[in-house]
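Survey of secondary and tertiary structure
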Amino acid sequence: MPRAKKTKTDTDANTDASDLLFDGADWSFKILSKTYDAIERVALDDLGLNVYPNQVEIISTEQMLDAYSSFGMPLMYRHWSFGKHFAREEKSYRQGHSGLAYEIVINANPCISYNLEDNTMPLQALVMAHAAFGHNHFFKNNYLFRQWTDADGVLDYFQYAKEFIMGAEERHGFGAVEETLDAAHAIMDQGVFRYRRPPELTTEQRQTRKREIEEYRERTFNDLWRTVPDKGGAEEATEAEKERLARRQQLRLPEENLLFFLETNSPVLEGWQREILAIVRNVAQYFYPQRQTKIMNEGCATFTHHYIANALYDRGQISEGALLEILHSHSNVLFQPDFDDPRFNGLNPYAIGFAMMGDIRRMCTEPTDEDREWFPDIAGSEDWRGALKYAWANYRDESFIRQYLSPHLIRKLKLFDLTDNAEDKHYTVGAIHDERGYRKVREAMANNYDPAHTDADIQVVDADLRGDRQLLLEHSVRNGIGLAEDSRTKVLKHIRHLWGYEVTLSGIDHDNGKQLYRTSTIDVDEAE
Amino acid sequence: MAMHHFIDRRQNPSDRSLGNRQRFIRRARAQIKKALDQSIRDRKLGDVTNGEDLSIPTKGISEPRLRNAGNEGRRARVLPGNKEFVTGDHIKKPPQGGEGAGKDGAQDGDGEDEFQFTLSRDEFLELFFEDLELPDLIKTDLKESPTVTYQRAGFARDGTPANLDVMRTMRNSLGRRIALNRPDKKAVIALEAQITALEENCEPESEDRSRLDALYEELEGLRRRQKIVGYIDPVDVRYRQREPVPKPNTKAVMFCLMDVSGSMGEREKDLAKRFFVLLHLFLKRRYEHIDVVFIRHTHEAQEVDEETFFYSRQSGGTVVSTALTKMMEVVNDRYPTDTWNIYAAQASDGENFSGDSQTCSSLLAEQVIPVCQYYAYVEILDEREFELFGNPEAGAALWRSYREVAQGRENFAMKRVTKPGDIYPVFRELFLPQNVGA
């Protein structure tokens, strides 16, 4: 853990006032620019970060609230729910219930960060180091972002999406667009490709491709194949079963991405509606890596701003007052209450991330015997910059914790694993910060950040396009955790809107294949 | 200096969030309207135009997502800050489950029953006007803030170029040039001519040479002085100053008269309130200062505060003329007609003590209407009655005697209403642009 600040004597000649980048709270574009250059020197020359070009935009409170309410994306298309969130945020902000983020940063090339105009100059410095260098480096180097998002095209895409939605509203009316968007938003979490790369084609290209394939099939059709007898035992399989298999193959089932499936296969959607689904799906996919890297992303940014602020102070470029203000905000953001504190609201990704990054540095430079045993690769290697950059590039939260959470840190944070079995009247402490517990705690914590454990695994399994066209979804239930019933009925209605026919969702126990629940739009209507 | 890193977005049009806002209001329209109706009932007449904190049910504006059930299955959570637990410890769950191991439900605020937000003044009025069916022109007219005129108010040292006062500026400039002894153009030209003449026939070493040098120096001095003492200096410049002055504003008093006997129910009072609010909005735009007097009556009339006027009930018969008498008392007492514009709005369900209606019409004709700028009367009926009395000729005693009064009087309007949309036509005459009340 890097120390907050090296002790300095009052007479230290280092802090010669003339070297200071700024003095006091006020900022101007000139000071910002000078400070940016100083930060950049530390970030690139000392830390060796590799970043996209930066574009720092200064925005007002209202613009920040607005960005907040639109998925943190100032270029988002228009929809009533963003207006609703804005109204809530605004009220809460005006009444002083909540402060505002100091910045918002967009994973794009160039990397755009939005800084709040109300920030004092020390805060602007903090924010620039944090977002324009910390997050920026992470975006550019982490494998998830490199593989799954297109930093060069994303701004254009959001612009396109916004214009497309506006155009659709003009042509098809607010109501129709709103209905489609509402329905698509309801299954946004089920609108990402988790395991395979998303197809990059636009809808239009896909249609052309499909037509070409159909034409090819027609050309090469040979009726004789039908007369070739099936392999032995095929008679056993009923006609219906055979048909089902053929269907699954044709629709490429099972399919985990509901939005993608509906966009390609829904019998009722029009072209523009499919394009809206594609837009929502792409937005969901764009944010998916961020959901998986909260700890790492914030850890990287927080470590970076902390290091840079101290470096600037050591070089005599910022005053003690400025450093103190930066550290004050720093520790506010990093506050981690204990589990029994009324303020506790889960693990704070900033706190965990910063602690883990600091721990990696410590293990590189001041390793203990325990570290050498657990982390032979990095313990005592001295090259903490290299070790951190390697971790930032190649892990996501789940694997990062599995790999790097050390016994030292588990003890320090006094982490423990609490097992909650709904049938029991009590929780059970599964493991604590002791010799027997380290691996278990680490395992459990990594699982807490693994989408495979936290997100419901739902797949499209069947859709009989010639029969009653009912869409069958299957939820593979792990650890007996089903889906809240009211959320099932509401979301299924939205899916039915997009599919055009009845939709049924069944929960199947992952371990024993038993059906745990079944919700269908057919029953819902009867119930109402 | 790498200034290109920074972009100042603060000046961007701030209505970016407006599109989302409008979509939200359109979406939640039904709920907002309901909350608004309640709020009109609860609010004071004069406060209607302010923004409003509204609270609407989340149903209908919820955004469902599939979420894990909170009360089933097995899960393991890692928590910080262990103090005394050891492996294998059992901790009793708090009753009703959930809370201890965190909150899995209530994402996105969908768990709350009520969604709270603030409606702006314009949004409020837009919705308020909606079922009053006001013509668009009147809507914008009413939404405007009090109009002002600009009056000349002397001269200022700064302003827009369009307001530059050339005469005054030049006068200042001239005075300063004289005072500071600025060399004028003629003197410079004369000196230049002298120099040219000398240069043409000038012998080196001669006396002319040294004179020429002196003249050069003199010319240089003049030019420098011209530069230092400018022809027009920022201190000379004067702009015409204009000050916003509210339009001639006299005072107005608005009388609200209402029958509060048992036959006036919630619905009737609600319609009556909208009727009063509309008149108040109109007056507010036209007069800087408005007094509102509330007079309620059963078989006797009282001046009351707004709270009592709308909310408390009173039992008794109905004698409408008492309200008119009371109003005249107040007028004579506190609102001399030479300084106050008097408006009156009366709402009733049309019932009256038999024989009193004649008294009313003579009171109106002889005393009340002559002192009023405008007198509006609405008779609030239910749908069934409305059909029965489809013909304006037909009606109970009160209606018939008011009809007589209405004959040939332009500042008296009366109408039967059953729904908010019926109210505006009562004021149609009043709101006509040419009919400036004062």
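Residues numbered from 1 in each chain as written. Chains lettered and ligands numbered in written order. Predicted model: local features only at pLDDT ≥ 70, side-chain atom pairs only at ≥ 80, totals over all residues. Heavy atoms only, no water.

Thoughts on the side chain of A:Glu57
Threshold: A run of DSSP states H or I qualifies as a helix once it reaches four residues; a run of E qualifies as a strand once it reaches two. Both are numbered from the N-terminal end. Between N or O atoms, a polar contact is any pair within 3.5 Å; within protein, one atom must be a potential hydrogen donor and the other a potential acceptor, and residues adjacent in sequence are included only when both atoms are from side chains. For this analysis, residues touch if any pair of their heavy atoms sits within 4.5 Å.
One can find A:Glu57 in strand 1 (residues 54-59). Polar side-chain contacts of A:Glu57 include one of 2.6 Å to the side chain of A:Gln55. Beyond its immediate chain neighbours, meaning those up to four positions away, A:Glu57 contacts A:Ile112, A:Ser113, A:Tyr114, A:Asn115, B:Ile7 and B:Arg9.

Topic: the pattern of salt bridges
Spelled out, the test is: Only one rule defines a salt bridge in this text: a Lys or Arg side-chain nitrogen within 4 Å of an Asp or Glu carboxyl oxygen. The classification of residues rests on relative accessible area computed with a 1.4 Å probe and restricted to protein chains. Under 20% of the type maximum is buried, over 50% is exposed, and intermediate values are partly exposed.
For the structure shown, the criterion picks out 33 salt bridges over all chains. Across the pair B:Arg23 and A:Glu169 runs a salt bridge, and its minimum N-O distance is 2.5 Å. Highlighted residues: B:Arg23 in helix 1 (residues 16-27) and A:Glu169 in helix 6 (residues 154-172), drawn from two different chains. Classification of B:Arg23 by relative accessible area gives buried; the value is 7%. B:Arg274 is the partner of B:Asp37 in a salt bridge, and the nearest nitrogen-oxygen pair spans 2.7 Å. In this pair, B:Asp37 is assigned in helix 2 (residues 29-42) and B:Arg274 in helix 8 (residues 266-286), connecting sequence segments 237 residues apart. In the salt-bridge network here, residues are joined through shared partners; they are A:Arg396, A:Glu398, A:Arg402, A:Glu443 and A:Asp450.

What to know about the interface of chain A and chain B
Interface extent is often summarised as the accessible area lost during association of the parts. Where we set the bar: By buried area we mean how much accessible surface two parts lose on assembly, using a 1.4 Å probe and totalling the loss over both. Under the convention adopted here, Pro, Cys and the residues Ala, Val, Leu, Ile, Met, Phe, Trp and Tyr are nonpolar, Asp, Glu, Lys and Arg are charged, and Gly plus all remaining residues are polar. A strand pair is defined by DSSP finding two or more bridges across the two strands.
With 95 residues of chain A at the interface, the matching set in chain B holds 65 residues. Buried surface at the junction of chain A and chain B, both sides included, amounts to about 7600 Å², of which 53% is carbon and sulfur. Three residues stand out in chain A for area buried against chain B, namely A:Trp80, A:Lys84 and A:Tyr427, and they jointly supply 10% of the buried area on that side. Linking chain A with chain B are 11 salt bridges. The salt bridge partner of A:Asp486 is B:Arg67, with a shortest N-O separation of 3.5 Å. There are 43 residue pairs in polar contact (both at pLDDT 80 or more) connecting chain A and chain B. Examining the composition of the side of chain A that touches chain B, we find that 10 residues originate from one element, helix 3 (residues 80-94) of chain A, more than from any other. Considered class by class, the residues forming the side of chain A that touches chain B number 40 nonpolar, 27 polar and 28 charged. Two strands pair when backbone bridges link them, and strand 4 (residues 416-421) of chain A and strand 3 (residues 74-79) of chain B are joined in this way by 6 bridges, in the antiparallel orientation.

Topic: the packing of aromatic side chains
Quick note on the threshold: Paired rings are identified among Phe, Tyr and Trp, the last through its six-membered ring, by centres lying within 6.5 Å, and are further divided according to the angle between planes into stacked (under 30 degrees), edge-to-face (over 60) and tilted (the rest). The rule for a charge over a ring is simple: NZ of Lys or CZ of Arg within 6 Å of the ring centre, and within 35 degrees of the ring normal.
Evaluated as defined, the whole model comprises 38 aromatic pairs over all chains. Taken together, a centroid distance of 5.5 Å and an interplanar angle of 90° make the contact between A:Trp27 and A:Phe29 edge-to-face. With respect to class, A:Trp27 is no different from A:Phe29; both count as buried. With a centroid separation of 4.9 Å and an interplanar angle of 50°, the aromatic rings of B:Phe294 and B:Phe309 are classed as tilted. Of this pair, B:Phe294 sits in strand 9 (residues 289-297) while B:Phe309 sits in helix 9 (residues 306-311), and the two are 15 residues apart along the sequence. For the pair B:Phe294 and B:Phe309, one class covers both residues: buried. The ring of B:Tyr231 carries the charged tip of B:Arg177 above its face, separated from the ring centre by 3.9 Å. The positively charged end of B:Lys273 is found above the aromatic ring belonging to B:Phe310, 4.7 Å away from the centroid.

Some details on the packing of helix 10 (residues 258-265) of chain A against helix 11 (residues 271-292) of chain A
All names here are of chain A. Put simply, the rule is: Simply put, an axis is a line fit to the C-alpha atoms, just over the touching stretch for a helix, and the angle between two N-to-C directions goes from 0 to 180 degrees. Angle categories are assigned with fixed cut-offs, so that under 35 degrees is roughly parallel, over 145 is roughly antiparallel, 65 to 115 is roughly perpendicular, and the rest are oblique. Whether a crossing is left-handed or right-handed is set by the direction in which the near helix is turned from the far one by less than a right angle, anticlockwise for left-handed and clockwise for right-handed.
The contact between helix 10 and helix 11 brings their axes to 9 Å, and the two run at 160°. Taken as axis vectors, helix 10 and helix 11 run roughly antiparallel relative to one another. Crossing of helix 10 against helix 11: the hand is left-handed. Where helix 10 abuts helix 11, its residues Leu259, Phe260, Leu262, Glu263, Thr264 and Asn265 lie against Arg274, Leu277, Ala278, Val280 and Arg281. Of the residues that constitute the contact of helix 10 with helix 11, the class distribution is 6 nonpolar, 2 polar and 3 charged.

Details of the sheet that holds strand 13 (residues 412-417) of chain B
All names here are of chain B. The 6 strands lie next to each other as 10-9-8-11-12-13, forming an open sheet whose pairing is mixed. In this open sheet, the two edge strands, each paired with only one partner strand, are strand 10 (301-304) and strand 13. Averaged over all pairs of adjacent strands, the angle between strand axes in this sheet comes to 20°, irrespective of strand direction. Judged from the 9 bridges that link them, strand 8 (residues 251-259) and strand 9 form a sheet pairing that is parallel. Residue leucine 257 lies in a different strand from strand 9, and its bridge partner there is isoleucine 295.

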